[in-house]
Amino acid sequence: MITLTHYLVLSALLFTIGLAGIMTRRNVILILLCIELMFNAANLAFIAFAKSLGDPSGQVIVFFVITVAAAEVTVGLAIAILMARRLSTLNADEVSLLKW
Amino acid sequence: MAEAIFFYLFAGLALIAALLVVTSRQPVYSVLSLLVAMFCLASLFVLLGAYVVAALQILLYAGAVLVLFLFVIMLLNLDRETLARTRSFTLRGAGTLVALVLGMGLVRIVAHAMAGRSVPPVPEQTGTVERLAQLLFTKYLLPFELTSFLILAAIIGAITLARSTGPDE
């Protein structure tokens, strides 16, 4: 019998893998990818709760999360393109213009 | 029984794909692994009765967002030397350690909070288009409209940022 706990544990594991990726990778595109992974983990928790509580509001929230993630990725990738053009790097550690 | 088989199959596949996203050294492989993870999650959404969200997951995430990632990776077409500098991992030990501790903590919290608490069975609610649309256009009408505004702002922002000839060039 698969319960809510199974889905929540899977969601927690996926979230943690995404977090590990954000902390260890330096490529901005990969950091954005790992953020997507964390969004997906949160979505899974929302859907699991929607099923367990019998309330489809959770699914509507996931719809909003997907939309916001799409907007975030669009702007993030535009910034990545700009970084590659102006500074010819994608390494997040090398972009330290605001650091003094 | 079939539910358990499918859950463990797709959950295991999703976890392996997620690990590959983080560990693979080529960005393109990472994107393709994330694609596999998204498809597994869409299958899990179907298991949970959220059919519309599963379709949206494949259409929007796999179809639009990941293709955008692939486009950008191919568009940038960085030379070998630049690419090699982005492959390095920093804080590999510390990052993995922090993530491990946090992950174990999260799993324990979830298992602890759920132990001995039986969720009362609720009538089966499947996420059909009709049901979701009813909620979306009544209770969540304002957030829905704001979403369209957000998308517009994102489009304008992306075009302004990525335009090749800026006013200062």
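Not measured: the values here are computed from a predicted model.

**A few points about the overall build of chain B**
Helix and strand content of chain B: 7 helices and 0 strands. Starting at the N terminus and walking to the C terminus, you meet the elements of chain B as α-α-α-α-α-α-α. Within chain B, the proportion of its 169 residues that are buried is 24%.

**Re the nonpolar core**
Within the largest apolar cluster, 67 residues are counted, with the highest numbers of intra-cluster contacts made by L14, I29, L33, L37, L44 and I47 of chain A together with A37 of chain B. Among the elements of the structure, α1 (4-24), α2 (28-53) and α3 (57-86) of chain A together with α1 (2-23), α2 (27-47), α3 (51-76) and α5 (92-114) of chain B are those that each provide at least two residues to this core. The element that contributes the greatest number of residues to this core is α2 of chain A, accounting for 15 residues. Residue contacts for L33 of chain A: discarding those within four places in its chain leaves V21, S30, V31, L34 and F69 of chain B.

**Considerations on the interface of chain A and chain B**
The interface is formed by 62 residues belonging to chain A together with 73 residues belonging to chain B. Those elements that place two or more of their residues in the side of chain A that touches chain B are α1, α2 and α3 of chain A. Looking at which element gives the most residues to the side of chain A that touches chain B, the answer is α3 of chain A, with 21 residues. Among the residues forming the side of chain A that touches chain B, the class breakdown is 41 nonpolar, 16 polar and 5 charged.

**Topic: α1 of chain B**
Residue pairs spaced three or four apart in an α-helix point in one direction, given the helix's 3.6 residues per turn. If you check α1 of chain B, its first and last C-alpha atoms are 32 Å apart, about what 22 residues at 1.5 Å a residue would give, namely 32 Å. Those residues of α1 of chain B lying buried are F10, A11, A14, A17, A18, V21 and V22 of chain B. Around the axis of α1 of chain B, the buried residues are gathered within 135° of arc, so they sit on the same side. Relative to its buried face, α1 of chain B has exposed residues pointing more than 90 degrees away, namely A4, I5, L9 and G12 of chain B. Of the surrounding elements, those touching the buried residues of α1 of chain B are α1 and α2 of chain A together with α2 of chain B.

**Some thoughts on the environment of L13 of chain B**
Residues and elements named next belong to chain B. With respect to the secondary-structure elements, L13 resides in helix α1. Residue classification places L13 among the partly exposed positions, given that 16 C-beta atoms sit within 10 Å. The spatial distance from the C-alpha of L13 to the C-alpha of A62 is 16 Å, given a sequence separation of 49 residues. Those residues within four positions of L13 in sequence are excluded, and the remaining contacts are V36 and C40.

**Remarks on the environment of Y8 of chain B**
Residue and element names in this part refer to chain B. By the element assignment, Y8 lies in helix α1. Taking the C-beta count within 10 Å as the criterion, Y8 has 13 such neighbours and is therefore assigned partly exposed. Separated by 36 residues in sequence, Y8 and L44 have C-alpha atoms that sit 9.8 Å apart.

**Let's talk about the packing of α1 of chain A against α1 of chain B**
Interaxial distance between α1 of chain A and α1 of chain B falls to 9 Å at its minimum, and their mutual angle equals 10°. Our classification of the angle between α1 of chain A and α1 of chain B gives roughly parallel. Here H6, L10, L13, L14, I17, A20 and G21 of chain A of α1 of chain A come into contact with α1 of chain B, specifically with F7, A11, A14, L15, A18, L19, V21 and V22 of chain B.

**So, the environment of G105 of chain B**
All names here are of chain B. Along the chain, the position of G105 falls in helix α5. On the neighbour-count criterion, G105 (12 C-beta atoms within 10 Å) is exposed. In this structure the C-alpha to C-alpha distance between G105 and A115, which are 10 residues apart in sequence, comes to 15 Å.

**A closer look at the confidence of the model for chain A**
For chain A, per-residue confidence averages 89 on the pLDDT scale, and 99% of positions sit at 70 or higher. Within chain A, the element-level pLDDT minimum falls on α3 of chain A, averaging 90, and the maximum on α2 of chain A, averaging 92.

**A closer look at the packing of α3 of chain A against helix α7 (residues 141-162) of chain B**
Close contact between α3 of chain A and α7 of chain B brings their axes to 9 Å; oriented N to C, the two are set at 10°. With respect to their mutual orientation, α3 of chain A and α7 of chain B come out roughly parallel. Every residue of α7 of chain B that contacts α3 of chain A at F64, T67, V68, A71, T74, V75, A78, I79, I81 and L82 of chain A is listed here: P143, T147, L150, I151, A154, G157, A158, L161 and A162 of chain B. Broken down by class, the residue content of the contact of α3 of chain A with α7 of chain B amounts to 15 nonpolar, 4 polar and no charged.

What counts as what
Residues numbered from 1 in each chain as written. Chains lettered and ligands numbered in written order. Predicted model: local features only at pLDDT ≥ 70, side-chain atom pairs only at ≥ 80, totals over all residues. Helix = DSSP H or I, 4+ residues; strand = E, 2+ residues; numbered from the N terminus. Buried ≥ 20, exposed ≤ 12 C-beta atoms within 10 Å, placed from the backbone. Core = buried A, V, L, I, M, F, W, Y, C linked by C-beta atoms within 7 Å. Contact = placed C-beta atoms within 7 Å. Nonpolar A, V, L, I, M, F, W, Y, C, P; charged D, E, K, R; others polar. Expected span 1.5 Å × (residues − 1). Arc of directions from axis to C-beta. Axes fitted to C-alpha atoms, helices over the stretch in contact; angles between N-to-C directions. Parallel < 35°, antiparallel > 145°, perpendicular 65-115°, else oblique. pLDDT = per-residue confidence, 0-100.

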